[in-house]
Amino acid sequence: MCSPHKGLIFTAVKLPNKNMANITELNQLTTQVRRDILRMVHKVNSGHPGGSLGCAEFFVALYNEVMELKEGFDMDGKEEDLFFLSNGHISPVFYSVLARRGYFPVEELNTFRLINSRLQGHPTTHEGLPGIRMASGSLGQGMSVAIGAAQAKKLNKDAHLVYSLHGDGELQEGQNWEAIMYASAKKVDNLIATIDLNGQQIDGSTDHVLHMGDVAAKFKAFDWEVLSIEKGNDMEAVIEGLQKAKALSGKGKPVCVLMHTVMGNGVDFMMHTHAWHGKAPNDEQLANGLAQNAETLGDY
Amino acid sequence: MCSPHKGLIFTAVKLPNKNMANITELNQLTTQVRRDILRMVHKVNSGHPGGSLGCAEFFVALYNEVMELKEGFDMDGKEEDLFFLSNGHISPVFYSVLARRGYFPVEELNTFRLINSRLQGHPTTHEGLPGIRMASGSLGQGMSVAIGAAQAKKLNKDAHLVYSLHGDGELQEGQNWEAIMYASAKKVDNLIATIDLNGQQIDGSTDHVLHMGDVAAKFKAFDWEVLSIEKGNDMEAVIEGLQKAKALSGKGKPVCVLMHTVMGNGVDFMMHTHAWHGKAPNDEQLANGLAQNAETLGDY
Amino acid sequence: MKKYIDTGKKDTRSGFGAGLAHLGRTNKNVVALCADLIGSLKMDEFIAENPERFYQIGIAEANMIGIAAGLTIGGKIPFTGTFANFSTGRVYDQIRQSVAYSNKNVKICASHAGLTLGEDGATHQILEDIGLMKMLPGMVVINTCDYNQTKAATIAIADYHGPVYLRFGRPAVANFTPPDAPFEIGKALLLQEGTDVTIVATGHLVWEALIAADALAEKGISAEVINIHTIKPLDEAAILASVAKTSCVVTAEEHNILGGLGESVARTLASKHPVPQEFIGTNDTFGESGTPAQLMEKYGLNAAAITKACEKVIKRK
Amino acid sequence: MKKYIDTGKKDTRSGFGAGLAHLGRTNKNVVALCADLIGSLKMDEFIAENPERFYQIGIAEANMIGIAAGLTIGGKIPFTGTFANFSTGRVYDQIRQSVAYSNKNVKICASHAGLTLGEDGATHQILEDIGLMKMLPGMVVINTCDYNQTKAATIAIADYHGPVYLRFGRPAVANFTPPDAPFEIGKALLLQEGTDVTIVATGHLVWEALIAADALAEKGISAEVINIHTIKPLDEAAILASVAKTSCVVTAEEHNILGGLGESVARTLASKHPVPQEFIGTNDTFGESGTPAQLMEKYGLNAAAITKACEKVIKRK
Ligand SMILES: Cc1ncc(C[n+]2csc(CCOP(=O)(O)OP(=O)(O)O)c2C)c(N)n1
Ligand SMILES: Cc1ncc(C[n+]2csc(CCOP(=O)(O)OP(=O)(O)O)c2C)c(N)n1
Ligand SMILES: [Mg+2]
Ligand SMILES: [Mg+2]
């Protein structure tokens, strides 16, 4: 499970020791990330805690266990794995994990959604935040981008992988299906696209808003390799699933990971409901949420 | 096979006698339609004969055997079946069949693609041509429109059906998949969407341009009722297939008809190739094509 | 000078919601569509009262526009609702072909337009939608200034047959137009008479223009203020009549100065009566996260900026 | 007056094809993408020579823009090719977020722009693409006038880092610019010096402007002709310098007069030096089927129309 880590990036920050990363440490980091998410959105009374909390294990695993990353950050990202966040509204979890992985100072999380910040409401390259290679926020565009980056890697004879994350509601956007059709037709097998199957979107459950039926069957009908992570909020399960996905890559098909998560995971009153998709906790709710996620690596 | 016909429209034109419509008469009409198509595109040295020729049986069957149509034409189309052509470039077959069904004078086919004509390169409501309820030409939009019209029928408690036609290459447009996902989720079961599976698009075969895999499996994974017409250029098979589709409608699912046709059908040198997707025959080729489709109901 | 009273801050999108609810009760042909943003668009009341006339499309704006166009066939009057960005740029070609060119009776209703969307940032802050929609032949383009006007416009466009783009916003702003004022498409409203400079403002900037006119009056400058709620068709006569008096103009919009109201006015004047003009709008830049007020200040879209522009343009006469 | 010689009619899109083929040989980072319109875009030569650097996307323009944006990550310089309508309106939000706002080095190359697309009709004849693209912060917008200039521009934009929209057309038109002229983004070309009126023309209308200038000269009117191949960034200095002499201007573009080059010029002049302006372009209407020449005649986009507009605007000084 312990893949070789290509070292820390930029600043010396409180990171689990990469050479002895273990599940406990990754879980501690995840708890800290949950605190960061809650504090970020609370401070500006805006942003998207629900999807962020549900994807905390995924981001922590990806950036601290799964991806091969170079030291430093450049836009081209040659000779390293790349990640694209298509459902840009869950920027809080992305920012927290990037910061705690060393891409930029953890203190900068304090500037989330404030004017003149590099931590825009939705991730952007426009303000030069290290770790971000593409703006997102308008849904449905990230898979195409990830495919392009994956095809550039092939052209560059760079054997690294491209990862992406997409919301389940986001899959209602047709551009995804253009990309899904293309990726298998053109054998983009260095792409691992994960779907955050939390069953929720803004106006309710996906079943209620626009029933999506069997998502696995859809990807299979579009000739993808499909695997599921049933416990998307269990660190071991997430890592195992992503490692399996890695093993399936390079065999002629793009790989889809259907990751079942709980929206709002880790904060009881936020769980299993769309209500916290894009709503910040008030002071009392914040205290409650933080109490459920005790400080591990130190608040920013 | 002989459905009741709701009468002729507008002008008295050479139509097969509706009360004794039989396959021979419909085939004669189809041959005449093929002549019309060739002569229309030849005259202006532009337009799309390939897909048009391949869909001649479908259009003739739809307008002369399958759809329930009112006398006259109004935009709302209440209490009659409706048809939407999404792949608007095959306007020649649409115009010919509409004219020969009586929607407008057959002589007007002479004005195809000329300036100040109602017969625009792609079908439009903008010039007031009877029979057209929506502009098309930019691909991928027609299924959404057909769904809207079908849902309006439900709201109006109008039990008639909505038909639509789409190219196979056209299915590469993501908007289709938004519509496909929506139609089953919302149980739009008064919609019969036919796909012209001719295996060709502009730059080559669909396999070559963007391999589409198993189209039936895709529609099924999106929870549609799917049926195939293996012989899309056989009048009996087309009628039978569309009647089957009718029988499947109203049962909670939208119905997809995968119609296997031959691009350029009926003109040997145009068949089985994308080369004639959007190219007009020269004088000699026209003569050759017309010789293969002897006049039946009289040229315009 | 006329005095305009803010009767209490309200968001324009709630005016849309109230207008739509009214239509739900009074016009059985009105149907509503939404792409997973019911709450943001304030459509709840219409939906609760007319569940059978509401279509939840999911996150698929292109499909929404097409379905709306299709619903008109059969006599429905569809009102689509999503953010301004996803109402226009996301679906431009769909609107172009299936609505504008096909002349379908679709009302495209767009919230969260412009910088005042706030914290979500640039991906959501469209500053080009007025330009996008005004270029479509036959499209009516409306940008209302407050709650009351948005409600009135929502009700009015149901009675107009043809494609309409109705733009409104997220934050609570001054509500100052009369609640009973009828909304006349294409008819500019002269809010303040003046002789030195004409301010042609739309949307959230109308209130700012009134504040600017007050500030200018204190400096002895007489500003005429026109509320140009309809950007297309543009009330050219009203603008020309005003400029005939004042000989200079400031346009103010929550939009890129490229392509928007300002350029429509510049074209009109260049064709008929060229005069100096200053452009209040974003200066060809993307927005960013921040509070609405911070952003309007940073990007120069408030009363202070309008006041300065008026002083500048008068000097240029 | 300078004499310009038509060295033989050629389509501008073939200039693009030739430029792209040249880049295929000289710049290993250039890749090309197409959405099922290889022949129309004249990409065959590039593809034949560099099959591994070509991406056939199929009929999925949104995906094409996203893939192009992704390809820049890793150092590629993607050139996307489809019709102008499907290059812009179809994918506006994708260009906005994944290309313009993300500042990706994508070249959006668009053929069959405007009325001269001809017989396919209005659904394909986009007359708003200049406006669409000019509103995007950071986007360079180019509309070339002939084969040689299109080829030169295609080659030049590969050396510029950032998003570019390159617009060209379908029909064979006069080829009159020097084959060896370097293409400088944003630098207007003074084709004809004059004192009575400035004609600012772009794309297919540059040649028409030159014919108009000849016709005007015969009537004793001295027209200055500017080839404004780059609409954004606009060479304001060149336009202002010319208008300082002539005090009036005619803009000419194969585009809606709403939102296009004409309005950019009107804004510039209203801000700096207001003068009478006449607008040659389509007058807020969709196109239709017909031959290019018939359409340009019917919609008033030719030398005769420019000549008339010049005479009119001079009277308005
Ligand atoms: C193109 C587009 N349409 C609409 C929105 C508004 N929006 C933001 S998030 C969201 C719901 C997304 O659902 P999902 O992908 O399941 O994310 P989750 O709520 O689970 O975090 C919507 C509709 C958007 N950002 N982009
Ligand atoms: C949105 C859009 N993109 C591209 C085109 C150009 N185009 C016209 S027809 C066509 C091919 C369509 O293929 P298919 O649907 O299989 O039709 P067929 O060639 O079989 O008639 C293309 C790419 C278009 N009309 N609309
Ligand atoms: Mg979700
Ligand atoms: Mg086909």
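Residues numbered from 1 in each chain as written. Chains lettered and ligands numbered in written order. Predicted model: local features only at pLDDT ≥ 70, side-chain atom pairs only at ≥ 80, totals over all residues. Heavy atoms only, no water.

1. Remarks on helix H6 (residues 92-101) of chain C
For an α-helix the count is 3.6 residues per turn, leaving residues at separations of three or four pointing the same way.
Phase 1 of the analysis: Within H6(C), 10 of the 10 residues are buried, leaving the element largely enclosed by the surrounding structure.
Phase 2 of the analysis: Three or more residues of H6(C) are buried, namely Tyr92(C), Asp93(C), Gln94(C), Ile95(C), Arg96(C), Gln97(C), Ser98(C), Val99(C), Ala100(C) and Tyr101(C). (Buried < 20%, exposed > 50% of the residue type's maximum accessible area, 1.4 Å probe, protein only. Helix = DSSP H or I, 4+ residues; strand = E, 2+ residues; numbered from the N terminus.)

2. Regarding the interface of chain D and chain A
Phase 1 of the analysis: Each partner contributes to the interface: chain D provides 27 residues, whereas chain A provides 30 residues.
Phase 2 of the analysis: Across the interface of chain D and chain A, roughly 2,300 Å² is buried in total on both sides, 54% from carbon and sulfur atoms.
Phase 3 of the analysis: For the chain D face of the interface with chain A, the top three residues by lost area are Ile73(D), Gln97(D) and Tyr101(D), together amounting to 29%.
Phase 4 of the analysis: At the boundary of chain D with chain A, the tally comes to 0 salt bridges.
Phase 5 of the analysis: Inspection of the chain D/chain A interface yields 18 residue pairs in polar contact (both at pLDDT 80 or more).
Phase 6 of the analysis: Ranked by residues supplied to the side of chain D that touches chain A, first place goes to helix H4 (residues 61-72) of chain D with 9 residues.
Phase 7 of the analysis: A per-class count over the side of chain D that touches chain A returns 10 nonpolar, 11 polar and 6 charged. (Contact = heavy atoms within 4.5 Å. Buried area = accessible area lost by both parts, 1.4 Å probe. Salt bridge = Lys/Arg side-chain N within 4 Å of Asp/Glu carboxyl O. Polar contact = N/O pair within 3.5 Å; in protein donor to acceptor, adjacent residues only side chain to side chain. Nonpolar A, V, L, I, M, F, W, Y, C, P; charged D, E, K, R; others polar.)

3. Brief notes about the pairing of strand E5 (residues 255-260) of chain B
Residue and element names in this part refer to chain B.
Phase 1 of the analysis: The element E5 is largely enclosed, with a buried count of 5 among its 6 residues.
Phase 2 of the analysis: One ladder, built from 6 bridges, connects strand E3 (residues 191-197) with E5; its direction is parallel. Counterpart to Thr-194 in the pairing with E5 is Val-257.
Phase 3 of the analysis: Here strand E4 (residues 225-229) runs beside E5; their pairing, made up of 5 bridges, is parallel. Across the sheet, residue Leu-227 finds its bridge partner in E5, namely Val-257.
Phase 4 of the analysis: What joins E4 to E5 is helix H9 (residues 235-248), and the crossover it makes is right-handed. (Pairing = 2+ DSSP bridges. Right-handed = clockwise from strand over helix to strand, strands pointing away.)

4. Brief notes about the coordination of the magnesium ion (ligand 3)
All names here are of chain A.
Phase 1 of the analysis: Protein-derived coordination of the magnesium ion (ligand 3) comes from Asp-168 (OD), Asn-198 (OD1) and Gln-200 (O), at a distance range of 2.1 to 2.2 Å.
Phase 2 of the analysis: On the primary sequence, the residues serving as donors to the magnesium ion (ligand 3) are separated as D-x29-N-x1-Q. Of the two residues, Asp-168 sits in the loop between strand E2 (162-167) and helix H6 (174-185) while Asn-198 sits in the loop between strand E3 (191-197) and helix H7 (206-210), which places them 30 residues apart along the sequence. Note on accessibility: Asp-168 and Asn-198 belong to one class, buried. (Donors = N, O, S within 2.8 Å, 3.2 Å for Na, K, Ca; no water.)

5. Concerning the coordination of the magnesium ion (ligand 4)
Residues and elements named next belong to chain B.
Phase 1 of the analysis: Coordination of the magnesium ion (ligand 4) by the protein involves Asp-168 (OD), Asn-198 (OD1) and Gln-200 (O), with metal-donor separations of 2.1 to 2.2 Å.
Phase 2 of the analysis: Take Asn-198: its relative accessible area is 12%, and that puts it in the buried class.
Phase 3 of the analysis: With relative accessibility at 14%, the residue Gln-200 sits in the buried group.

6. A look at the relation of the copies chain C and chain D
Phase 1 of the analysis: Superposition record for chain C on chain D: RMSD 0.0 Å, screw rotation 180 degrees, translation along axis 0.0 Å. This pairing of chains is accounted for by a two-fold axis.
Phase 2 of the analysis: Counting the interface residues of chain C, we find that 100% of their copies in chain D are interface residues as well, pointing to one common contact surface. (Least-squares fit on C-alpha atoms with pLDDT ≥ 70 in both.)

7. Digging into the interface of chain C and chain D
Phase 1 of the analysis: Tallying the contact residues gives 48 residues for chain C and 48 residues for chain D.
Phase 2 of the analysis: Area buried by chain C at its contact with chain D is led by Arg96(C), Met135(C) and Phe286(C), which between them contribute 19% of it.
Phase 3 of the analysis: Here chain C and chain D share 10 salt bridges between them.
Phase 4 of the analysis: Across the salt bridge formed by Glu128(C) and Arg96(D), the nearest N and O atoms sit 2.8 Å from each other.
Phase 5 of the analysis: Inspection of the region where chain C meets chain D yields 28 residue pairs in polar contact (both at pLDDT 80 or more).
Phase 6 of the analysis: At the level of secondary structure, the elements contributing two or more residues to the side of chain C that touches chain D comprise helix H5 (84-87), H6, helix H7 (129-134), strand E13 (249-256), helix H11 (261-272) and strand E14 (277-282) of chain C.
Phase 7 of the analysis: Here the side of chain C that touches chain D takes 8 residues from H11(C), the largest share from any one element.
Phase 8 of the analysis: Residue classes in the side of chain C that touches chain D are distributed as 21 nonpolar, 15 polar and 12 charged.

8. A short note on the sheet that holds strand E10 (residues 197-201) of chain C
Residues and elements named next belong to chain C.
Phase 1 of the analysis: Strand order in the open sheet formed by 5 strands is E9-E11-E10-E13-E14, and the pairing between neighbours is mixed. With one partner strand each, in any of the chains shown, strand E9 (189-192) and E14 form the two edges of the open sheet. Sheet twist, expressed as the mean angle between neighbouring strand axes with direction ignored, is 25 degrees.
Phase 2 of the analysis: Summarising the sheet, E13 and E14 pair through 5 bridges and their orientation is parallel. Counterpart to Asn-256 in the pairing with E14 is Thr-282. (Axes fitted to C-alpha atoms, helices over the stretch in contact; angles between N-to-C directions.)

9. Quick look at the site of ligand 1
Phase 1 of the analysis: Ligand 1 sits among 22 residues. The nearest are His89(A), Asp168(A), Asn198(A), His277(A) and Glu61(C).
Phase 2 of the analysis: Chain contributions to the surroundings of ligand 1 come from chains A and C.
Phase 3 of the analysis: Within the backbone of Gly169(A), one N or O atom sits 2.8 Å away from an oxygen atom of ligand 1.
Phase 4 of the analysis: Protein burial of ligand 1: of its 580 Å² of free accessible surface, 99% is covered by the chains.
Phase 5 of the analysis: Considering only residue class, the shell around ligand 1 consists of 5 nonpolar, 11 polar and 6 charged. (Near = heavy atom within 4 Å. Areas by Shrake-Rupley, 256 points an atom, 1.4 Å probe, with all protein chains shown as cover.)

10. So, the site of ligand 2
Phase 1 of the analysis: Lining the immediate surroundings of ligand 2 are 22 residues, of which His89(B), Asp168(B), Asn198(B), His277(B) and Glu61(D) lie closest.
Phase 2 of the analysis: At ligand 2, the nearby residues belong to more than one chain, namely chains B and D.
Phase 3 of the analysis: Here a nitrogen atom of ligand 2 sits 2.8 Å away from a polar atom, N or O, in the main chain of Gly137(B).
Phase 4 of the analysis: In this structure, Gln200(B) approaches ligand 2 through a main-chain N or O atom, which is 2.8 Å from an oxygen atom.
Phase 5 of the analysis: A total of 580 Å² of accessible area belongs to ligand 2 in isolation, and the protein chains cover 99% of it.
Phase 6 of the analysis: Its residues assigned to classes, the shell around ligand 2 shows 5 nonpolar, 11 polar and 6 charged.

11. Digging into the pattern of salt bridges
Residues and elements named next belong to chain C.
Phase 1 of the analysis: All chains considered together, the criterion is met by 59 salt bridges over all chains.
Phase 2 of the analysis: Taking the shortest distance from any N to any O, the salt bridge between Lys-272 and Glu-236 comes out at 3.3 Å. On the criterion of sequence distance, the pair formed by Lys-272 in helix H11 and Glu-236 in helix H10 (residues 236-246) is long-range, its members being 36 residues apart.
Phase 3 of the analysis: Owing to a relative accessible area of 25%, Glu-236 belongs among the partly exposed residues under this scheme.

12. With respect to the confidence of the model for chain A
Phase 1 of the analysis: When pLDDT is averaged across chain A, the result is 94; 93% of the residues are at 70 or more.
Phase 2 of the analysis: Confidence over residues 1-17 of chain A falls short of pLDDT 50; this stretch has 48 contacts with residues more than four positions distant or in other chains. (pLDDT = per-residue confidence, 0-100.)

13. What to know about the nonpolar core
Phase 1 of the analysis: With 174 residues, the main nonpolar core has Trp224(A) and Trp224(B) as its most contacted residues.
Phase 2 of the analysis: Contacts of Trp224(A), omitting those with residues within four sequence positions, involve Met143(A), Ile180(A), Ala183(A), Ser184(A), Leu191(A), Ala193(A), Phe219(A), Lys253(A), Pro254(A), Val255(A) and Cys256(A).
Phase 3 of the analysis: Counting 60 residues, the second largest nonpolar core, distinct from the first, contains Val33(A), Leu62(A), Val93(A) and Ala280(A). (Core = buried A, V, L, I, M, F, W, Y, C linked by side-chain atoms within 4.5 Å.)

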